[in-house]
Amino acid sequence: MNSIEVNNLTKKFGDFAAVDNVNFTVKQGEIFGFLGANGAGKSTTIRMLIGVLEPTSGDALVGGYSIMKQPEMVKKNIGYMSQKFSLYNDLTVAENIRFYAGVYGLDGKKYQERKKWVLKVANLENMENTLTSSLPGGIKQRLALGTAVIHEPKIVFLDEPTSGVDPVSRRNFWDLINDLSAGGTTVLVTTHYLDEAEFCNDIILINAGKLVAQGNSKELKTNYIKNPILEIETDKTVDSLEILEKEKWVGETSIFGNYIHVILNDDTITEKNIIQLLQEQNGIKVKRVERIVPTLEDVFIHLIEKDNKQNA
Amino acid sequence: MLNRIFAIAKKELKQLSRDTRMLFIIFFFPVVLLIIFGYAINFDVKHIKIAVYDQDKSDYTREYVNGLISSEYFDLITYVQDESEIKRLLDEKIVQVVVVFPNDLSRKLLSKQEVKVQYLIDGVDGTTASAIQNYVNAATYSYSIKLTKEYLAVTGKNLYVPIDLQPRFWFNPELQSTKFLIPGLMGMILIVTAVISISLSIVREKERGTIEQINVSPLSSFEFILGKTIPYIFISLINATIVLVAGYILFGLVIKGDLFLLLFGTLTFLFAALGLGIFISTVADSQQVAFQAANVTSLLPSFMLSGFIFPIETMPTAIQVLTNVTPAKFYVVILRAILLRGAGISAFWDQLIYLGIFGTVFITLAIIVDKRSKGKQ
């Protein structure tokens, strides 16, 4: 069953199409990764899907409700948490929970039960009366997610929920996302971190308002880059890169720390050709060359560069 | 729906209780204004400093001067010995008025000739100067009548005065300006606190991004705004009570009219004021801008144009039209009617309608601006 169905969704600001004819579906209970650079149209898409921004054309069904015709029903059935924690810093933990419970009409036993749950997931048991402003970032973020799903929505939208949070907190946060998903909640999450994208069941990549790729992480890695990729480590990274870029058989290059990733245009090129070029012709010491499975980062850089070239 | 509105109102009060800056503006500001306006700004002209240049030094002049300084309007500062001193006394503001009796005053009076007494009045402050002029006119007139009576009595006749003026001031018999000012002051305090507090409280949510979470929730704009305004309506009513109690304790202002009407008029006024505040919150994106806008649209007009201090009737027509920009103008009329005159609704129903229109116009504008900005985000 599909939780979200997006059909030809378009949003124009004047002549500029921030979101251009986007289609995708999200299955119930899955973690759906939504990737793209800043300004690619992620937030605009999400704002339309949560019923805050009206699309210029197209439509989407969120939890079975049309965002064009029933935005109010959409709002009742989703949870939303943005990169800016939407908690009131001048309220205590308990007061924040009380407020959002009130907004979603929870009371009595149900309220007590959900309050307990939020405190538990945020690790804030016995800290109810702490002012939210004094909580550390990671805890605040868990509390924000807890309050965002206090009404147990079937679908949750997380807009860059982990930006600016330390790795341990990020890990804990993803455990929480996994728990939600295991409980049957659909989670649509946007992120900059490609390691986080690996946790997603399905991923879409958006660039300049257009959908560029979709699939699970394995499909993305195999379907979008057919050419072999080599990882090269030398003692002169930048010089090596300049030499490699002059060769016809080199498609794209990118630097990952001390390593160079090269996408080859020519299947017949092997590790030996690289060593010959760098070490024997140019005297650069090649420490290591190996053929690798592309990372998501390789795939995305490849796709976005390709797309930008086409647009230009 | 009620639950959701209540949740917002409760949250708002909790936040307010921790916002010392805002609490200061809301509760301290009225008290300060009341004290400043009540005590410092006093339009009653009393204890005018007077100097006497008596070149005659007769019983007449002594009696005349006694007549002046026996009232609380004049305080005798000094006797002037020669003419050059007069200029110094007025220049250095040691006195506000100098009375000059000619040296032939008693001689002329005894020979039944007309006498001229000169008053030199400091005319820098026009209002005070004309008040002084009125006082000395009255004092001179009554002394003149007394002399006439004495003269006629000697000749065995009674003075016949055809028309005797007997003015009585209603509603504010002692013509105390504080009593006249308090209704205006109350209007000014309520509009400033209401407009500032509601606009800041909404814009703060925009600035901190919490409004986004509200937009995504099933809360409608109506519920959100209503939930936000309820606490400020109560706070404004508390403020109004503070002003009235302080007005009674400090200045002896007694509410002559109906308390229910007062409450009703105040609520109608708050509707207009909060409408203005809500409108400001839709056009301002930062608390700073909202604060400035709230100040400019509430404080200045309610001070200058509400008729609170400067009577609207004496303004040029163009300015009279401009006075309609502040709901305080209508509220001041209502308050003066209820507080000072004890008048019923027939005296100010039209003002209530103006306030209703004012509030409706601004809330409608706010809805239009809000809808437009939503399409652009």
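Residues numbered from 1 in each chain as written. Chains lettered and ligands numbered in written order. Predicted model: local features only at pLDDT ≥ 70, side-chain atom pairs only at ≥ 80, totals over all residues.

Digging into the overall build of chain B
As a reminder of what qualifies: Each helix is a run of DSSP H or I of at least 4 residues and each strand a run of E of at least 2, with the numbering of both proceeding from the N terminus. Only C-alpha atoms enter the radius of gyration, while the globule expectation follows 2.2 Å times N to the 0.38, with N the number of residues. Any residue whose C-beta has 12 or fewer other C-beta atoms within 10 Å is treated as exposed, any with 20 or more as buried, and any in between as partly exposed, C-beta atoms being built from the backbone. For the purpose of contact definition, each residue receives a C-beta atom placed from its backbone, and two residues are in contact when these atoms lie within 7 Å.
On a plain count of helices and strands, chain B comes out with 14 helices and four strands. Taken over C-alpha atoms, the radius of gyration comes to 29 Å for chain B, far larger than the 21 Å a tight globule of 377 residues would show. For the C-alpha atoms alone, the extent of chain B along its principal axes is close to 95 × 45 × 40 Å. Among the 377 residues that make up chain B, the fraction classed as buried is 37%. Considering only intrachain contacts with a sequence separation of at least 6, the fraction spanning at least 24 residues in chain B is 77%.

Remarks on the overall build of chain A
Across its full length, chain A carries eleven helices and 14 strands. Looking at chain A as a whole, 41% of its 312 residues qualify as buried. When contacts within chain A are restricted to residue pairs at least 6 apart in sequence, those whose partners lie at least 24 apart make up 68%.

A short note on the domain arrangement of chain A
Selection rule: For the domains described, the bounds stem from an automatic or database domain assignment.
Once the domains are mapped, chain A shows domain 1 (2-221) and domain 2 (226-293). Placing the centre of domain 1 of chain A and that of domain 2 of chain A at their C-alpha centroids yields a distance of 40 Å.

Things to note about the domain arrangement of chain B
Assigned domains within chain B: domain 1 (2-41 + 176-376) and domain 2 (48-154). The C-alpha centroid of domain 2 of chain B is placed 50 Å from the C-alpha centroid of domain 1 of chain B.

Focus: helix α2 (residues 20-40) of chain B
Residue and element names in this part refer to chain B. Definition in use: Here a helix's expected span is defined as the number of its residues, less one, multiplied by 1.5 Å. By definition, a residue's bend is the angle between the axes fitted to the seven residues ending there and the seven starting there.
A rise of 1.5 Å per residue sets the reference length of α2, with its 21 residues, at 30 Å; its end C-alpha atoms lie 28 Å apart and thus fit the reference within 8%. Residue F28 marks the point of greatest curvature in α2, where the axis turns by about 35°; the proline P30 follows within four residues. Inspection of α2 places I26, P30, L34 and F37 among the buried residues, and these make up the whole buried set.

Here we look at the interface of chain A and chain B
The cut-off we apply is this: Throughout this entry, Asp, Glu, Lys and Arg are counted as charged residues, while Ala, Val, Leu, Ile, Met, Phe, Trp, Tyr, Cys and Pro are counted as nonpolar. The remaining residues, Gly among them, count as polar.
Opposite the 21 residues of chain A that make contact, chain B presents 20 residues. Elements with a minimum of two residues in the side of chain A that touches chain B: α2 (71-76) and α3 (93-103) of chain A. Looking at which element gives the most residues to the side of chain A that touches chain B, the answer is α3(A), with four residues. Split into classes, the residues belonging to the side of chain A that touches chain B amount to nine nonpolar, four polar and eight charged.

Brief notes about the sheet that holds strand β1 (residues 48-54) of chain B
All names here are of chain B. Operational definition: Pairing between two strands is assigned when DSSP locates at least 2 bridges connecting them. Think of each axis as a best-fit line through the C-alpha atoms, taken over the contacting stretch in the case of a helix, with angles from 0 to 180 degrees between the N-to-C directions.
An order of β2-β1-β3-β4 is seen for the four strands of this open sheet, with the pairing classed as mixed. Edge positions in the sheet fall to β2 (74-79) and β4 (118-121), since each of these pairs with one other strand and no more. Put simply, the sheet's adjacent strands are angled 25° from each other on average, direction ignored. In terms of strand pairing, strand β3 (residues 97-101) meets β4 through four bridges, oriented antiparallel. Bridging from a neighbouring strand, V99 pairs with Y119 of β4. Here helix α4 (residues 83-91) sits on the sheet in contact with β1, β3 and β4, set at roughly 160° to β3.

Examining the environment of B:F24
Summarising the element assignment, B:F24 is placed in helix α2. In this structure, the C-alpha to C-alpha distance between B:F24 and B:E313, residues 289 residues apart in sequence, is 36 Å.

Considering the nonpolar core
Residues and elements named next belong to chain B. The cut-off we apply is this: In these notes, a nonpolar core means any group of buried Ala, Val, Leu, Ile, Met, Phe, Trp, Tyr and Cys residues linked to one another through C-beta atoms within 7 Å.
In this structure, L185, V195 and A273 are the most contacted members of the largest nonpolar core, which totals 131 residues. Ranked by the residues each element gives to this core, the list is headed by helix α7 (residues 177-208), at 16 residues. Aside from chain neighbours lying at most four places away, what touches L185 is L33, L34, F37, V243 and F308. Membership of the second largest hydrophobic core comes to 22 residues, among which are Y73, V95, V136 and A139.

A few points about the pairing of β1(B)
Working note: regular strand, side chains alternate between the two faces of the sheet. Quick reminder of the rule: Crossover handedness is defined here as right-handed if the route from the first strand over the helix to the second strand goes clockwise, with the strands pointing away from the viewer.
With respect to burial, β1(B) is a largely interior element, six of its seven residues being buried. The parallel pair β1(B) and β2(B) is bridged by helix α3 (residues 59-69) of chain B, and the resulting crossover is right-handed.

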